[in-house]
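Listed below are the residues making up each chain.
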Amino acid sequence: MVFGILDRRRLVIIVSILLIGGFLVTSLASYFVSRQSLRHAVIDTELPLTSDNIYSEIQKDLIQPILISSVMATDTFLRNWVLDGERDESHVIQYLNDIKQRYGAFTSFFVSEQTRRYYHADSVLKTVQETEPRDEWYFRVRQMTAPYEINVDPDLANQDAMTIFINYRVLDYQDNFIGATGIGLTVNAVRGLINDYQRRFGRTVYFADQAGRIVLIGEGEAVPEQNIAQRGNLAALMPQWSRMETRSLEYDYNGKTRFLNVRFIPELGWYLLVEKDADGDLAEIRNALYVNLAICLIITILVLVATWMTVTRFQKRLDAMATTDKLTGLATRHAFDILQQQAVRDASRLAQPMAAIMVDIDHFKAINDEFGHPAGDRVLCGVANAIRASLRSSDIICRWGGDEFQVALRNCDLINAERVAETIRQTVENAGFSYEGHSIPATVSVGVAVLRASEDVQSLTGRADAALYQAKQSGRNCVRSEEAVTAG
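It should be emphasised that the depicted structure is a prediction, and the values quoted were computed from it without experimental measurement. (Residues numbered from 1 in each chain as written. Predicted model: local features only at pLDDT ≥ 70, side-chain atom pairs only at ≥ 80, totals over all residues. Heavy atoms only, no water.)

Colleague: How would you summarise the packing of helix α2 (residues 63–73) against helix α4 (residues 89–103) if you had to cite specific residues and measurements?
Modeller: Where α2 contacts α4, the two axes come as close as 12 Å, and the packing angle between them is 155 degrees. Judged by the angle between their axes, α2 and α4 are roughly antiparallel. In the crossing of α2 with α4, the sense of the turn from one axis to the other is right-handed. Across the interface between the two elements, Gln 64, Ile 68 and Met 72 of α2 pack against Tyr 95, Leu 96, Ile 99 and Tyr 103 of α4. Here the residues of the contact of α2 with α4 sort into six nonpolar, one polar and no charged. (Axes fitted to C-alpha atoms, helices over the stretch in contact; angles between N-to-C directions. Helix = DSSP H or I, 4+ residues; strand = E, 2+ residues; numbered from the N terminus. Parallel < 35°, antiparallel > 145°, perpendicular 65-115°, else oblique. Left-handed = near helix turned anticlockwise from the far one by under 90°. Contact = heavy atoms within 4.5 Å. Nonpolar A, V, L, I, M, F, W, Y, C, P; charged D, E, K, R; others polar.)

Next up, the structure:
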């Protein structure tokens, strides 16, 4: 039984290792494949597509002011008005106001190179001077070769509100510099656009110039830094940024992985950075992994319970087959040997008598020959029941051979053993067995032996068998004990 339990435990351990190992390998493989697929999907498809969409929005929302400023710089009215000596400044003020109202700009302006006057949509704001730090932008534009610049400065005409100016050079018909014009958008308005991008596309969006300064961000604390050098290890990836094509990268920020798409916006001279927190999507995959592992654990437990119950049931069947005679329901010879040896040890330890009885059905072969083997089986079962009915609950009985039975009587001397043997003989003789309407007379011969000091099981059984042989020689249907054999 102990070996059976150990075997079952070993089987359960092996099955557990196989199931858990298989589930772990499958789940982890699925997790890493999903993680890699997600990474490729985000980096190679999702972020570039989002960047394209945002760039299209930028062309509509931010590039339009550049185009408007370009139109202003080449406007015939504006250039002719300057070349005519800037007569009647109300005309240009009205012109700038129309531009502001028509395109919804925050401000519109023109600075004349000839008079250095700063014309605004409402009035002449001032006269620019090289010694004035706030006018530095004009003289920078005056000297540059590019047609325009984008600059963030306070707007004097609007209570110094931070404004993104499109400063466009104005040339006469001979390409001589005659002034600077353009429109402006408030930084807050542009931040509003970025917030709208982030809300609609679910990404972190911001702009950085070619020196790595973060120039425009949305609201909130997604990008608190002023330079990419302060943003994780992003600065180390800047050499991979390209002015010619978009780049998809990933970097570490505050202990988390972020996916990044970078593209250069030539109209602005800035880089557009679109980011996504990788841990958000990975968390869903991890949760799926945990759910799969939990399901696997439940399945493993159910399989192990089913395996244990099945093995236990079959083990009981095997134990029953090994210890119980299928026909009579008595103990098998193998099981009886174990029980009888224990009974002998108990008798020796407790100094109690013990007896062994051997029972053999008389002329059993003739019964089989005359009535058939099914009838013989009926007689075997009947004799087994008769013997069982004659014993105490502490006594042990087994089917010893084909038509032989052996009984071990605990705490029983020779006189009581002979009395039990005679009871068995009489019970069988008076039983009146029948099969398919045929009466089948049956008798038994019985041999009795009592355990001697320091005697082993084999010797006790041998003496009981000798007494049985003597009963058969005496004409059968009788009881003989070891004393009778010895006297004989």
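Colleague: Describe the pattern of salt bridges, naming the residues involved and giving the relevant values.
Modeller: Under the criterion given, the structure shown has 23 salt bridges. Arg 392 is the partner of Asp 395 in a salt bridge, and the nearest nitrogen-oxygen pair spans 2.7 Å. Among the residues examined, Asp 395 registers a relative accessible area of 10% and is labelled buried. A relative accessible area of 40% means that Arg 392 is categorised as partly exposed. Among the charged side chains, a network of salt bridges with common partners joins Glu 225, Arg 231, Arg 258 and Glu 275. (Salt bridge = Lys/Arg side-chain N within 4 Å of Asp/Glu carboxyl O. Buried < 20%, exposed > 50% of the residue type's maximum accessible area, 1.4 Å probe, protein only.)

Colleague: Help me get a handle on the layout of surface pockets, residues and values and all.
Modeller: Put simply, the second largest pocket is a space of about 270 Å³. When residues of the lining of the second largest pocket are traced back to their parent elements, those giving at least two are β3 (124–127), α5 (136–143), β4 (148–155) and β5 (161–171). Tallying contributions element by element places β4 first for the lining of the second largest pocket, with four residues. For the lining of the second largest pocket, a count of residues per class yields seven nonpolar, two polar and seven charged. (1 Å grid on protein atoms, 1.4 Å probe; cavity = no way out; pocket = protein on both sides within 12 Å on 5 of 7 lines; lining within 4 Å. Points joined across faces, edges and corners; volume = space filled by probe spheres on them.)

Colleague: Outline a nonpolar patch on the surface, supporting the account with residue identities and numerical values.
Modeller: A surface patch of nonpolar side chains, amounting to about 460 Å² of accessible area, comprises Leu 297, Ile 301, Val 305, Trp 308 and Met 309. Topologically, Trp 308 is positioned in helix α7 (residues 278–323). For Trp 308, a relative accessible area of 33% corresponds to the partly exposed category. (Patch = residues over 30% accessible without salt bridge, like charges linked within 9 Å, V, L, I, M, F, W, Y side chains within 5 Å. Areas by Shrake-Rupley, 256 points an atom, 1.4 Å probe, with all protein chains shown as cover.)

Colleague: Tell me what's going on with the environment of Phe 405, and back it up with residues and numbers.
Modeller: Within the secondary structure layout, Phe 405 lies in strand β14 (residues 404–410). In this structure, the C-alpha to C-alpha distance between Phe 405 and Ser 27, residues 378 residues apart in sequence, is 60 Å. Excluding residues that lie within four positions of it along the chain, Phe 405 makes contacts with Leu 330, Ile 357, Met 358, Val 359, Ile 361, Leu 380, Val 383, Ala 384, Ile 387, Cys 398, Arg 399 and Trp 400.

Colleague: Give a detailed account of the sheet that holds strand β13 (residues 396–399), specifying residues and quantitative values.
Modeller: Adjacent strands of a sheet pair through backbone hydrogen bonds, lying either parallel or antiparallel. Taken in spatial order, the five strands of this open sheet run β13-β14-β12-β17-β18, and their pairing is mixed. Among the strands making up the open sheet, the edge pair consists of β13 and β18 (479–481). Geometrically, the sheet is characterised by an average inter-axis angle of 15 degrees between neighbouring strands, direction not taken into account. One ladder, built from three bridges, connects strand β17 (residues 444–450) with β18; its direction is parallel. Residue Gly 447 lies in a different strand from β18, and its bridge partner there is Arg 480. Packing against the sheet, helix α8 (residues 333–350) makes contact with β12 (354–361), β13 and β14, and its axis sits at approximately 25 degrees to β14. (Pairing = 2+ DSSP bridges.)

Colleague: How would you sum up the sheet that holds β5? Please name residues and give values.
Modeller: Across the sheet, which stays open at both edges, the six strands sit in the order β3-β2-β1-β6-β5-β4 with antiparallel pairing between neighbours. Of all strands in the sheet, those with a lone pairing partner are β3 and β4, marking the two edges. Each adjacent strand pair in this sheet contributes to an overall mean axis angle of 25 degrees, direction not counted. Along the sheet, α2 contacts β1 (107–112), β4, β5 and β6 (177–186); its crossing angle with β6, the most-contacted strand, is approximately 155 degrees.

Colleague: A description of unusual backbone geometry should follow, citing residues and the corresponding values.
Modeller: Located in the positive-phi region is Ser 454, a residue other than glycine, with phi close to 60 degrees. Residue classification places Ser 454 among the exposed positions, given a relative accessible area of 81%. Located in the positive-phi region is Arg 476, a residue other than glycine, with phi close to 70 degrees. Structurally, Arg 476 is set in the loop between α12 (457–473) and β18. Using a relative accessible area of 32% as the deciding quantity, one classes Arg 476 as partly exposed.

Colleague: Tell me about the packing of helix α3 (residues 76–83) against α4, residues and numbers included.
Modeller: Viewed as axis vectors pointing N to C, α3 and α4 meet at an angle of 160 degrees, and their least axial separation amounts to 11 Å. One finds that α3 runs roughly antiparallel with respect to α4. Once α3 is placed against α4, the crossing between them reads as left-handed. On the side of α3, the interface is formed by Phe 77, Leu 78 and Trp 81, while α4 contributes Glu 89, His 91, Val 92 and Tyr 95. Among the residues forming the contact of α3 with α4, the class breakdown is five nonpolar, one polar and one charged.

Colleague: Report on the packing of aromatic side chains, specifying residues and quantitative values.
Modeller: Summed over all chains, the structure comprises 16 aromatic pairs. Pairing Tyr 118 with Trp 137 gives two aromatic rings, centres 6.3 Å apart and planes at 80 degrees, and the pair type is edge-to-face. Placement of the pair is Tyr 118 in strand β2 (residues 117–120) and Trp 137 in helix α5, with a sequence separation of 19 residues. By relative accessible area, Tyr 118 is classed as buried at 6%. Summarising the aromatic geometry, the rings of Tyr 148 and Tyr 168 are spaced 5.3 Å apart at their centres and angled 20 degrees between planes, so their arrangement reads as stacked. Taken as a pair, Tyr 148 in strand β4 and Tyr 168 in strand β5 lie far apart in primary sequence, 20 residues in all. One aromatic cluster is present, formed by Phe 109, Tyr 118, Trp 137, Tyr 138, Phe 139, Phe 165 and Phe 177 through successive ring pairs. Cation over ring: Arg 333 sits above Trp 400, and NZ or CZ is 3.8 Å from the ring centre. (Phe/Tyr/Trp six-rings, centres within 6.5 Å; stacked < 30°, edge-to-face > 60°. Lys NZ or Arg CZ within 6 Å of the ring centre and 35° of its normal.)

Colleague: Describe in detail the environment of Phe 371, supporting the description with residues and values.
Modeller: Tracing the backbone shows Phe 371 in helix α9 (residues 364–371). Placed 67 residues apart in sequence, Phe 371 and His 438 show a C-alpha to C-alpha distance of 8.2 Å. Dropping the residues within four chain positions of it, Phe 371 is found in contact with His 438, Ser 439 and Ile 440.

Colleague: Would you mind going over the confidence of the model for the protein chain in detail, with residue names and values included?
Modeller: Taken residue by residue, the protein chain gives an average pLDDT of 85. The fraction at 70 or more is 90%. Low confidence marks residues 484–488, where pLDDT is under 50. Its contacts with residues over four positions away, or in another chain, come to three contacts. (pLDDT = per-residue confidence, 0-100.)

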